[in-house]
Amino acid sequence: MKLQGKNVFITGSTRGIGLAIAHKFASLGANVVINGRGEIPAETLAAFEPYGVKVVSISGDISSQAQAKQMVDRAIEELGSVDILVNNAGITKDGLAMRMTEEDFDSVLKINLTGAFNMTQAVLKPMTRAREGAIINLSSVVGLVGNAGQANYAASKAGMIGLTKSIAREVASRNVRVNAIAPGFIESDMTAVLADKIKEAMLGQIPMKRFGQAEEVADVAVFLASQDYLTGQVIAIDGGLTMQ
């Protein structure tokens, strides 16, 4: 798929990896939908002006099936289509399993996994009708290998991998491709505030001995969107953390 002039909806794209993905697509000539649960800051939208593409801000709750459909419908109304969907939005509510509340478990799955399903379902009909489309799900290395204190998050991200492969099988004949990215430790606001001792322990697990950058994850998203014969795959961008 050539990205120039295509329309990309990125959930949870007001900061971090989602925002980096939006900027990367826009820099290649794609129109983008910036999405979050609340109002999108004007300065976030203004930063896209140099690209000369259309930028639409759409707020809503992806965990609501009705709101997900409304957001996709509005994007199609504003841009004409949604050619690429990036399911990036996610939350964490960490805690050991023996003390994790039902609300903390359910809320993480509702946003991370059910939200991704809701958005995917909303774009499938127009994509299959057009016989072209790409869906990219942001999973995590935690979904591949697990992590103590993150049973809810790991379950949601592992679920995204199953969702990716299942939907990919359903729509491959309609030229709609579905893939997943599993980032490892990515430099962010969260890692910036960690104590040096914790950072050193994390870096010790990474063969490449550095954290990844949000822009590097964005490069993988662009690669997956543009490859016409690649579907049902999970790419771990983790500095070798999960290599077999």
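Parameters and conventions
- Residues numbered from 1 in each chain as written.
- Predicted model: local features only at pLDDT ≥ 70, side-chain atom pairs only at ≥ 80, totals over all residues.
- Heavy atoms only, no water.
- UniProt positions renumbered as here; feature names shortened; annotations may be inferred.
- Helix = DSSP H or I, 4+ residues; strand = E, 2+ residues; numbered from the N terminus.
- Rg over C-alpha atoms; globule rule 2.2 N^0.38 Å.
- Buried < 20%, exposed > 50% of the residue type's maximum accessible area, 1.4 Å probe, protein only.
- Contact = heavy atoms within 4.5 Å.
- Areas by Shrake-Rupley, 256 points an atom, 1.4 Å probe, with all protein chains shown as cover.
- Core = buried A, V, L, I, M, F, W, Y, C linked by side-chain atoms within 4.5 Å.
- Pairing = 2+ DSSP bridges.
- Axes fitted to C-alpha atoms, helices over the stretch in contact; angles between N-to-C directions.

Under an unreviewed UniProt entry, the name given to the protein chain is 3-oxoacyl-[acyl-carrier-protein] reductase, and the organism recorded is Streptococcus ovuberis. Its UniProt record, at the heading Function (unreviewed entry), says of the protein chain: "Catalyzes the NADPH-dependent reduction of beta-ketoacyl-ACP substrates to beta-hydroxyacyl-ACP products, the first reductive step in the elongation cycle of fatty acid biosynthesis."

What follows is about the overall build of the protein chain. On a plain count of helices and strands, the protein chain comes out with 9 helices and 7 strands. In terms of overall dimensions, the protein chain is globule-like: its C-alpha atoms have a radius of gyration of 17 Å, near the 18 Å expected for 244 residues. In terms of overall dimensions, the protein chain has C-alpha extents of about 50 × 35 × 35 Å along its principal axes. Within the span of the protein chain, comprising 244 residues, buried residues form 48% of the whole. Looking at the protein chain alone, contacts between residues at least 24 apart form 70% of all its contacts between residues at least 6 apart. Surface summary for the protein chain: the accessible area is close to 11,900 Å², and the carbon and sulfur share equals 52%.

One finds F25, I84, V86, I136 and I181 to be the most contacted residues of the largest nonpolar core, which totals 33 residues. Counting only elements with at least two residues in this core, the list comes to strand 1 (7-10), helix 1 (16-27), strand 2 (31-36), strand 4 (84-87), strand 5 (133-138) and helix 9 (214-226). Top contributing element to this core by residue count: helix 9, with 8 residues. In this view, I136 contacts I84, L85, V86, N87, N179, I181, A221, L224 and A225; residues no more than four positions away in its chain are not counted.

The buried fraction of strand 6 (residues 176-183) amounts to 8 of the 8 residues, a majority that puts the element mostly inside the structure. By the alternation rule, side chains of strand 6 split into V176, V178, A180 and A182 and R177, N179, I181 and P183, which are all buried. In this sheet, strand 6 lies alongside strand 5 in parallel orientation, the contact comprising 6 bridges. Opposite I136, over in strand 6, you have N179 as the bridge partner. Summarising the sheet, strand 6 and strand 7 (residues 234-237) pair through 4 bridges and their orientation is parallel. Its bridge partner lying in strand 7, A180 is registered against V234.

It is worth spelling out the sheet that holds strand 1 at this point. The strand order across the open sheet formed by 7 strands is 3-2-1-4-5-6-7, and the pairing between neighbours is parallel. If you trace the sheet from one side to the other, it starts and ends with strand 3 (55-59) and strand 7, each paired once. Going across the sheet, the axis of each strand differs from the next one's by a mean of 20°, ignoring polarity.

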